[in-house]
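Inside the fold
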Amino acid sequence: MRDLSRLLSPRSIAVVGGGAWGMQVVRQSIAMGFEGYIYRVHPDPTPVEGVAAVPTLGDLPVAPDAVFLGINRHATLAAVKELSGLGAGGAVCFASGFSEAAAEDTGSVDLQTALVAAAGDMPILGPNCYGFVNALDGALLWPDQHGCTPVSDGVAILTQSSNIAINLTMQRRDLPVAFVVTCGNMAQTAQAEIAMALLDDPRVTAIGLHVEGFGDPLVWHALALKAAERNVPLIALKVGASDQARSATLSHTASLAGSDAGAAALLQYLGIARVSDLSTFLEALMLLHCDGPLPSTRIASISCSGGEASLVADMAQAAGLDLPALTGGQRRDLEAALGPMVAVANPLDYHTYIWGDVAKMTAGWLPMAQGDADLVMIVVDYPHTDASAWVSATDAAIAVRAQSDCAVAVVASLPELLPPDVARRLRGAGVTPLHGLYEALGAVRAVAQVSAPAVAPPLMPAANGLTDVVSEADAKAGLGAFGVPVPQGCVASRAALAQSAEALDGPLVLKGMGFAHKSEAGAVVLKLTHDTLAPAAEKMGGDIFLIEEMVQGSVAELLVGVLRDPAHGYLLTLGAGGVMTELLHDTQCLLLPVTQEQVARALAGLRCYPLLTGFRGASPARIDAIISAVMALQDYVIAHQDRLYEVEINPLICTADEAVAADALIVQLAEAKQKGVAHGTG
């Protein structure tokens, strides 16, 4: 990894180019209190904010730590090459017109590749980016306005979008933002690399990542491991789903496991929490900065309105949060503090009998912080008119936090109903200010998802290529060699059906060979006897058939598939199988490699899971047999990762005794077959 420390935490800054953009960089660094040296490179020596210019880079007295290049793309190439030779710490490439420009606009020259070559070992941000704000040291290689203020510690925000970055700096929620970094085209330095460099600054408390695409998942895995080691939580707002994982159409797995499923599985694998909107993104960062990752989704809610209490209950349920019941001790203390007119519960509506009396409000709220919840949310909406009477709520919330070990948050039901000065006072006293019920509950859900990353890196596929479908018989032979249970069966010609089936016990299944979707083609018939095999074959096309012993005693049918997702790795999909696959879209996705415990949790997350555990008195399936089949499938994938494109078992028939792959599809790279690789033999 490149050393970005000089670039991101510079002691000297050089601004190359003039105009309003370059002048803004100089002015803003001075205004933020940057204590290092600032230089300008421009033909006009007229000072800007007292900083005179030198005519060329070679005239600079030192090799600068950080350089803002506010010049056109062609001049940027030359400047980057010269700066690299001078030993500069790094550069922000503001100019656009590189990889994001049409080929005719660049004269068919790959300017972005040329830029990377010119940089050599010197780090560059961009091109096509605004640069960064370092609010810890007052270093702003940033050509536009912003809303950052000096901080002593805080969160870091990274995004490819300069416009989104500006908007996020304008937040008025008292979230301390230590760094804002725009990544632009990421010609050389990727988002995960930048985040890893920021982890070296102990003043960074959490990192938020607005992600359009991951690039190399192995670099992200390295980031997750380093973040866990430094105890700095990561949260992501992932956007921009692509169709990379939808190119195959032969299987249900391909249609169910799109690129966004791969992205979600990768984030889960890395232990990075995910949110879906900018407002929740900021609130999650606030929670992480103030309280760190929450151990669970258990919350307690306090408000003075029955309507608000009901709203919290409904919204918490929709968000997947838990509202634990009050303990006996909590009930006694609440009843003593609030009197007989208040029905105590979680969420708590304490009415307004104690409003305005800080001591009584503290006594009435404190028991809610002494139960099984990991966060107490006090709903308070501060009016824009006269909020003087609401000071008591602020004081009581601070008192509750001071007298308990539980995290405490004051939550406004609408984002605009928590004034910045109140948020500042709350945060200074250890109470987390949260803006908006929807955002706060979503943030709690996300923050509780922060976890340690998998130690092993994700299993990454080899390069793409043309694909070829393996016959079902060969697919089952290959899977069976790795321990996946498959039915007893054989391949036979039309003329040899009866003779070939003699060793098999009925009832039998007859399948025509060479059909991608056998059921739709009428190429599969169940519950046959030895005598009815030939008549059933007469109704099918083709001359080669697969005969199998029919799996009996089904409790449920599952889909188990692994799809090669070039952007994220090998994606395991578990879901309702058979005829219910497309109807229910009931799936859980994990990135390989997985553990038995992860598979068990994923199965428990399926809506069809009650069928596996004995729904309404029915016999349960053998969960351990299902998990064993999945792990055997993973072994097959790992052994064949150099040539495997996709594998699907649908259905995996789950009985009280076993889990059997009744149908199997394998798609391999055609190049491997052309090289003579034997497939399906293990």
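Given the structure is predicted, the values throughout are model-derived calculations rather than measurements.

Focus: the sheet that holds strand β8 (residues 139-141)
- The mixed open sheet is built from seven strands, whose spatial order is β8-β7-β10-β9-β11-β12-β13. Taken across any chain shown, the strands that pair with only one partner, and hence form the sheet edges, are β8 and β13 (273-275). Strand-to-strand twist of the sheet, defined as the mean angle between neighbouring strand axes without regard to direction, takes the value 15°.
- In the sheet, strand β7 (residues 132-134) pairs with β8 via three bridges, with the strands oriented antiparallel. When the sheet's bridge partners are listed, N134 is paired in β8 with A139.

Observations regarding the environment of F34
- Turning to its location among the elements, F34 is positioned in the loop between α2 (19-31) and β2 (37-41).
- For F34 and D137, which are 103 residues apart along the polypeptide, the C-alpha to C-alpha distance reads 6.2 Å.
- Not counting residues up to four positions away in its chain, the partners in contact with F34 are P10, R11, S12, I13, S29, D137, G138 and A139.

What about the nonpolar core?
- L158 and I207 are the most contacted members of the largest nonpolar core, which totals 107 residues.
- The residues touching L158, leaving out its near neighbours within four places in the chain, are V181, C183, Q191, I194, A195, L198, I207, G208, L209 and H210.
- With 42 residues, the next largest nonpolar core counts V484, I626, L652 and A664 among its residues.

As for the confidence of the model for the chain
- Model confidence for the chain is summarised by a mean pLDDT of 91, while 93% of its residues fall at 70 or above.
- A low-confidence stretch, residues 242-252 stays under pLDDT 50, and its non-local contacts, those more than four residues away or across chains, total 32 contacts.
- Segment residues 672-682: pLDDT under 50, and 22 contacts once partners within four positions in sequence are set aside and those in other chains are kept.

Notes on the packing of helix α3 (residues 73-86) against helix α4 (residues 111-119)
- Interaxial distance between α3 and α4 falls to 7 Å at its minimum, and their mutual angle equals 20°. Judged by the angle between their axes, α3 and α4 are roughly parallel. Taken as a pair, α3 and α4 cross one another with a handedness that is left-handed. Each of R73, H74, T76, L77, V80, K81 and S84 in α3 lies in contact with α4, whose residues at this interface are L111, A114, L115, A118 and A119.

Cut-off values and rules
Residues numbered from 1 in each chain as written. Predicted model: local features only at pLDDT ≥ 70, side-chain atom pairs only at ≥ 80, totals over all residues. Heavy atoms only, no water. Pairing = 2+ DSSP bridges. Helix = DSSP H or I, 4+ residues; strand = E, 2+ residues; numbered from the N terminus. Axes fitted to C-alpha atoms, helices over the stretch in contact; angles between N-to-C directions. Contact = heavy atoms within 4.5 Å. Core = buried A, V, L, I, M, F, W, Y, C linked by side-chain atoms within 4.5 Å. Buried < 20%, exposed > 50% of the residue type's maximum accessible area, 1.4 Å probe, protein only. pLDDT = per-residue confidence, 0-100. Parallel < 35°, antiparallel > 145°, perpendicular 65-115°, else oblique. Left-handed = near helix turned anticlockwise from the far one by under 90°.

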